[in-house]
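For reference, the chains in residue letters:
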Amino acid sequence: MPATIIDGKAFAARVRTQVAGHVTRLKQDHGITPGLAVVLVGEDPASQVYVRSKGKQTVEVGMKSVEHKLDAQTSEADLLAVIDRLNKDPEIHGILVQLPLPGHLDEDLVINSIAPEKDVDGFHISNVGLLGTGQKSMVPCTPLGCLMMLRDHHGSLSGMEAVVIGRSNIVGKPMAQLLLGDSCTVTIAHSRTKDLPEVVRRADIVVAAVGRPEMVPGDWIKPGATVIDVGINRLDAPEKGEGKTLLVGDVDYESCAAVAGAITPVPGGVGPMTIACLLANTVTACCRANS
Ligand code: GUN
């Protein structure tokens, strides 16, 4: 039987509709407009695309969007001053500093200067600790989106074997915490894992978040497993024309889809869910600030 394709694009559209409904009620019933501030330092082209998309979708669901575009040479003190102003601004409920930052800036210091209750990325050390101990926190957007799709597809995840490939702070580690919170048996695999194919073959749920194009082939996948592909890798595709590129995930889609029970495509899988969850986190932050 062919794998079910988990349509992240359609799912994200439903999440945005729900968020827009919450925003309308917050405005009508409480006179409050949720506000999201995005801070971009430098001119990284991929980051510019993401930031533009975040701003556009924030406005589309009826929220206030503020963008701070800072020069690549911005000093740490100046960046911290911007964050401090946003922390104190009552019209701003969510703050996101786009990563990566230029090399002269201390990413941990910058992230930890965001007020934890406005940290809609869930990267602040307080939120990391709260998530790790199963307490109410801001949850990182990409893993949250993956979890929502898994719950929607399976209902309960209790007792399932989950293998997360990749141990980043942004995806791998929080993903593992969320799956553990849903009573999965969780393995975090990474570049030093011995016999990675055997480890992955145990999994009912595979989350690939390594940033290596098409690294996971179909013969690593247990028949019927659910495959969540977090990778967004841009490859040159001269066969499509000069300068053309192709987006691929961390799994080899064709061979994995032939074995899996369900799979997220790239594009149109995890990607759209990330921004939808950012908008949902901003509404959550706004509701908590006003409760
Ligand atoms: N850069 C790549 N992904 C992310 C993300 O989820 N949040 C932030 N702030 N920067 C990113």
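What counts, and at which threshold
- Residues numbered from 1 in each chain as written.
- Predicted model: local features only at pLDDT ≥ 70, side-chain atom pairs only at ≥ 80, totals over all residues.
- Near = placed C-beta within 6 Å.
- Helix = DSSP H or I, 4+ residues; strand = E, 2+ residues; numbered from the N terminus.
- Nonpolar A, V, L, I, M, F, W, Y, C, P; charged D, E, K, R; others polar.
- Domains from an automatic or database assignment.
- UniProt positions renumbered as here; feature names shortened; annotations may be inferred.
- Buried ≥ 20, exposed ≤ 12 C-beta atoms within 10 Å, placed from the backbone.
- Contact = placed C-beta atoms within 7 Å.
- Right-handed = clockwise from strand over helix to strand, strands pointing away.
- Pairing = 2+ DSSP bridges.

### Overview of the site of the ligand
- Leu96, Val97, Gln98, Leu99, Asp121, Cys141, Thr142 and Ile170 make up every residue found near the ligand.
- The set of elements that each furnish at least two residues to the shell around the ligand consists of β4 (94-97) and α6 (141-154).
- The residue inventory of the shell around the ligand, partitioned by class, reads five nonpolar, two polar and one charged.
- Domain assignment of the residues forming the shell around the ligand places at least three in each of domain 1 (30-115) and domain 2 (141-271).

### What about the UniProt feature "binding site: NADP(+)" (unreviewed entry) in the protein?
- The sites that carry the UniProt feature "binding site: NADP(+)" (unreviewed entry) are, in the present numbering, Gly166, Arg167, Ser168 and Ile232.
- Along the chain, Gly166 falls in the loop between β5 (161-165) and α7 (172-181).
- By the C-beta count within 10 Å, which is 24 here, Gly166 ends up buried.
- Excluding residues that lie within four positions of it along the chain, Gly166 makes contacts with Val171, Gly172, His190, Ala209 and Val210.
- Along the chain, the position of Arg167 falls in the loop between β5 and α7.
- In this structure, Arg167 is in contact with Gly172, Lys173, Ile188 and His190, ignoring residues within four places of it in sequence.

### Regarding the pairing of β5
- With four of five residues buried, β5 is to be regarded as a mostly interior element.
- Read as a crossover between parallel neighbours, the route from β5 over α7 to strand β6 (residues 185-189) is right-handed.
- By the bridge criterion, four bridges tie β5 to strand β7 (residues 205-208) in an arrangement that is parallel. Bridge assignment links Val163 to a residue of β7, and that residue is Val206.

### Quick notes on unusual backbone geometry
- Geometrically, the link from Leu99 to Pro100 is a cis peptide bond, its omega value of 0 degrees lying close to zero.
- When you line up the elements, Pro100 lands in the loop between β4 and α4 (107-111).
- In this chain, Val266 is followed by Pro267 through a cis amide linkage whose omega measures 0 degrees.
- Tracing the chain through its elements places Pro267 in the loop between β11 (262-263) and α10 (270-289).
- Residues other than glycine seldom take positive phi values, yet Asp195 does so here, at roughly 50 degrees.
- For Asp195, the position within the fold is in the loop between β6 and α8 (196-201).

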